Amino acid sequence: MSQESFSSLPCPLDPDQTHPWLLLFHGSNLHNQTFYSISKDKALVDTKITEFRSKKAISTSHPSWLALIHPRKSSLTFSLLNTVTKQEILLPKIKEKPERSSYFDYACIFSETPTNPNCHVLFIGKLDTRLYYYRIGDEKFTSRPNKFGDDNTNELELASAVHYNGKIYGWMGGSRNFVQVDFIGGEIVIEKVVNDKGQPCHIPIPTPPLSFRYNEYLVASGDDVLLLDSIINANNPSMQVSHFNIFKIDACNGEWTELKSIGDRTIFLDPYGSKSWLFTNNGSDDENDDIRIKKNSIYYLEGDEILYVYDIEDRSRTLVKLPPVKRDWLMSWVVMYPTFQYLIRISFHIYTFRILVYFYFLFDNFLYWD
């Protein structure tokens, strides 16, 4: 099936799906897209969406919004697209050109819904040494080095951030402190989250510290925030994930505990922490439900081309076979809301009804004149 417009895309997608779609961008200049369902283990839609051409769509802190990343020769362009209302917000170009390897490796976090004039949009690049942020309605982006504190505080970079209970919280990669992120007077301000004793919410470095390296991701999860440490054996030439350490953070009280299980839930993780979701499976025994979604597991993208499912209980991982696509491909998780899909279907039925009414009166008049 081939489509040419984003507005007509979701018709064949399952409106009852409770987990994100895996969206593959592939082909020459990333002109082609494939929507892949993990639960059904198959690609449902192969398409060419005009709005996605030569771009990558990434999820944001607000699931109904996607951020579109479009690298150019002399700048980097972002835009925001609402999958429910189809509203697109064009953002100013970023003239400070990042390294090519970091073109698509961004997380996008909002302080408010983007339709709010007080909304700040924050982009964190995994391989970019700068942060980019923008207040809706301003003339340009503001950028600053992704480095906080000094030699004494040693906060270093903002490694990950999440929107939770109306606030932005962040994780500092150097100090391993949990912080709150604010925008004051055009500047990013970080403040340590502390417990009732005034102690910062700090999680020690996992051991052993020398033979492994870590990627860190924050995930909003119900009443808590989760920190995922992706542990990679640096002595392994493949540099593949060895295991995950998972911590539950109480953002209100500044406390944390390590988790050995997330129960019936499933985490979907983007390759560079662009966005993570946490869903609870419905527990139904219906064979048509999400039986292929593994509970107590993490679906994660390794690089831009490989998908694994990690079993938290036994620390095993399984390669998920994906459909063959054309060259030069990238992947990301996206949510297509049922509301948007139902609107499309309703519009289609209304259009069909109008055509039927038109032909009915046309035929009726034909009989009358005959």
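Numbering of residues starts from 1 in each chain and follows the order in which that chain's sequence is written. Local features in this predicted model are restricted to residues of pLDDT 70 or higher, and side-chain atom pairs are both shown and tallied only at a pLDDT of 80 or more, whereas totals for entire chains, interfaces and linings draw on every residue. Excluded from the side-chain calculation are hydrogens and water; included are all heavy atoms of the structure.

J.: I'd like a rundown of the overall build of the protein, residues and numbers included.
T.: Each helix is a run of H or I in the DSSP string that is no shorter than four residues. Each strand is a run of E no shorter than two, and both are numbered from the N terminus. When you go through the protein residue by residue, the secondary structure sums to one helix and 25 strands. With a 1.4 Å probe rolled over the protein chains alone, any residue whose accessible area is under 20% of its type maximum counts as buried; one over 50% counts as exposed, and the rest are partly exposed. For the protein, the residues scored as buried account for 50% of the 370 residues in total. For the protein, the share of sequence-separated contacts (at least 6 apart) that also reach a separation of at least 24 residues comes to 50%. Accessible surface computed for the protein: about 18,500 Å², of which carbon and sulfur atoms make up 51%. Two residues qualify as a contact provided that any one of their heavy atoms is within 4.5 Å of a heavy atom in the partner residue. Only the protein chains shown count as cover for residues, and all accessible areas are computed by the Shrake-Rupley method using a 1.4 Å probe.

J.: Can you tell me about the nonpolar core, naming the residues and giving the values?
T.: In this description, a nonpolar core means a group of buried Ala, Val, Leu, Ile, Met, Phe, Trp, Tyr and Cys residues linked to one another through side-chain atoms lying within 4.5 Å. Formed by 20 residues in total, the largest nonpolar core has its most connected members in Phe-78, Leu-80 and Phe-123. In contact with Leu-80, other than residues within four places in its own chain, are Trp-65, Leu-66, Ala-67, Gln-87, Glu-88, Ile-89, Leu-91, Cys-108, Phe-110, Pro-114 and Val-121. Counting 17 residues, the second largest nonpolar core, distinct from the first, contains Val-241, Phe-244, Tyr-308 and Ile-312.

J.: Tell me about the sheet that holds strand β10 (residues 130-135), and name the residues and values.
T.: Strand pairing is defined by DSSP finding a minimum of two bridges between the two strands. Ordered by their spatial adjacency, four strands build an open sheet running β8-β9-β10-β11, and the pairing between neighbours is antiparallel. Of all strands in the sheet, those with a lone pairing partner are β8 (106-110) and β11 (142-145), marking the two edges. Between one strand axis and the next, the sheet turns through 20° on average, direction left out of account. Axes here mean lines fitted to C-alpha atoms, for a helix over just the part in contact, with angles spanning 0 to 180 degrees between N-to-C directions.

J.: Tell me what's going on with the environment of Ala-43, and back it up with residues and numbers.
T.: Considering the arrangement of structural elements, one finds Ala-43 in strand β3 (residues 42-47). In this structure Ala-43 comes out as partly exposed when scored by relative accessible area, which is 32%. Separated by 280 residues in the primary sequence, Ala-43 and Pro-323 place their C-alpha atoms 6.8 Å from one another. In contact with Ala-43, not counting residues within four places along its chain, are Thr-34, Phe-35, Tyr-36 and Pro-323.

J.: Provide a residue-level description of the side chain of Asn-215, including the pertinent values.
T.: Mapped onto the elements, Asn-215 comes out in strand β16 (residues 212-221). Apart from the residues lying within four places of it in its own chain, the contact partners of Asn-215 are Lys-126, Leu-228, Asp-229, Ser-230 and Ile-232.

J.: Give me the lowdown on the pairing of strand β25 (residues 330-334), citing residues and values where you can.
T.: Counting buried residues along β25, five of its five residues qualify, which places the element largely inside the surrounding structure. Of the two faces of β25, the one holding Leu-330, Ser-332 and Val-334 and the one holding Met-331 and Trp-333 are both buried throughout. Inspection of the sheet shows strand β1 (residues 21-26) paired to β25 by five bridges, in the antiparallel sense. What sits directly across from Leu-22, in β25, is Trp-333.

J.: Tell me about the sheet that holds strand β7 (residues 88-90), and name the residues and values.
T.: Across the sheet, four strands lie side by side as β4-β5-β6-β7; this open sheet has antiparallel pairing. The open sheet is flanked by β4 (56-59) and β7, the only strands paired with a single partner. When strand polarity is set aside, the average angle formed by the axes of neighbouring strands in this sheet is 25°. Where strand β6 (residues 76-82) lies against β7, three bridges are found, and the strand directions are antiparallel. Within the sheet, the bridge partner assigned to Ser-79 lies in β7 and is Leu-90.

J.: Describe the confidence of the model for the protein, with residues and values.
T.: For every residue, the predictor reports its confidence as pLDDT, a number between 0 and 100. Across the protein, the average pLDDT comes to 77, with 71% of residues at or above 70. Element-level pLDDT for the protein is lowest in helix α1 (residues 338-369), with a mean of 45, against a maximum mean of 96 in strand β14 (residues 178-184). The low-confidence segment residues 8-12, where pLDDT is below 50, has 15 contacts with residues more than four positions distant or belonging to other chains. Throughout residues 338-354 the model reports pLDDT below 50, and contacts reaching past four residues in sequence, or to other chains, amount to 22 contacts.

J.: Account for unusual backbone geometry, naming residues and giving values.
T.: Even without glycine at this site, Lys-86 takes up a positive phi of about 70°. Phi at Arg-315 takes a positive value of approximately 60°, unusual for a residue other than glycine. Positionally, Arg-315 belongs in the loop between β23 (306-311) and β24 (317-320).

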